[in-house]
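In case you want the letters, here they are:
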Amino acid sequence: VIFSLFFQSGAINVQGVGEAFQDASKSLAPELGWAGLLPWTYREDWQQAFEAVSGGVLVPPILQALVLNRGERDAQVLRKFVEDVSRWPFERMQSLHFDGLTPCGPGEWTSAFRRFLDEPVLPFGTQGPAPRGKDLEFLRDFGQQLEDSGVINPLLQKRQSIV
């Protein structure tokens, strides 16, 4: 889960190819990866990284850092989409990668996006899971490289909001 949300979280050590294949041959659980090939090891604080993104609705950090909130037009389209969906009467959403149906109403939906789109003065409307800063370092650095190369638009500044 940690790897899929971040690609390279602060809670994992990415192994070299040779080391990964060597460890795969000694794997006690080959069914968890491709014949035991899991090209990373976990650092001692991996549970804190997992807990930071657990317990609520979260826009995956990979989308926050590299896809969404890029360019003024895209941000306006995203905000309108979030607002439109928040008007629907719903109590659950389908999670793409985890437990399936997840408890989520319009408030949780909006909060998940506002946690990375806005800079609230009073953070009451933005409670929920949020990744640790050190788990976002790789994505931020990679995003900056893509931005500097002209591949993606710059991240927009967070807008100030009352809640």
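Summary of the structure given here.

How each quantity is defined
- Residues numbered from 1 in each chain as written.
- Predicted model: local features only at pLDDT ≥ 70, side-chain atom pairs only at ≥ 80, totals over all residues.
- Heavy atoms only, no water.
- Helix = DSSP H or I, 4+ residues; strand = E, 2+ residues; numbered from the N terminus.
- Buried < 20%, exposed > 50% of the residue type's maximum accessible area, 1.4 Å probe, protein only.
- Contact = heavy atoms within 4.5 Å.
- Areas by Shrake-Rupley, 256 points an atom, 1.4 Å probe, with all protein chains shown as cover.
- Core = buried A, V, L, I, M, F, W, Y, C linked by side-chain atoms within 4.5 Å.
- Axes fitted to C-alpha atoms, helices over the stretch in contact; angles between N-to-C directions.
- Parallel < 35°, antiparallel > 145°, perpendicular 65-115°, else oblique.
- Left-handed = near helix turned anticlockwise from the far one by under 90°.
- Nonpolar A, V, L, I, M, F, W, Y, C, P; charged D, E, K, R; others polar.

In terms of helices and strands, the chain carries seven helices and six strands. Shown N-terminal to C-terminal, the secondary structure of the chain runs as helices and strands in the order α-β-α-β-α-α-α-β-β-α-β-α-β. Across the 163 residues of the chain, 37% fall into the buried class. The contacts of the chain with a sequence gap of at least 6 include a subset with a gap of at least 24, amounting to 72%. Summed over its atoms, the accessible surface of the chain is roughly 10500 Å², and 58% of this surface lies on carbon and sulfur atoms.

Listed in full, the 12 residues of the largest apolar core are V57, V59, L78, V82, V85, F90, C104, W109, A112, F113, F116 and L117. Here the element with the most residues in this core is helix α6 (residues 106-117); it accounts for five residues. Ignoring any residue separated from it by four or fewer positions in sequence, one finds A112 in contact with V57, L58 and V59. If you look at the next biggest cluster of nonpolar residues, it comprises seven residues, including I62, A65, L66 and I152.

Moving on: the packing of helix α5 (residues 72-86) against α6. Direction vectors running N to C along α5 and α6 enclose 160°, while the axes themselves pass 9 Å from each other. Between α5 and α6, the interaxial angle falls into the category roughly antiparallel. Between α5 and α6 lies a crossing of left-handed hand. In this structure, α5 uses L78, R79, F81, V82, V85 and S86 to contact α6, whose residues at the interface are P106, W109, T110, F113, F116 and L117. Residue composition of the contact of α5 with α6, grouped by class: nine nonpolar, two polar and one charged.

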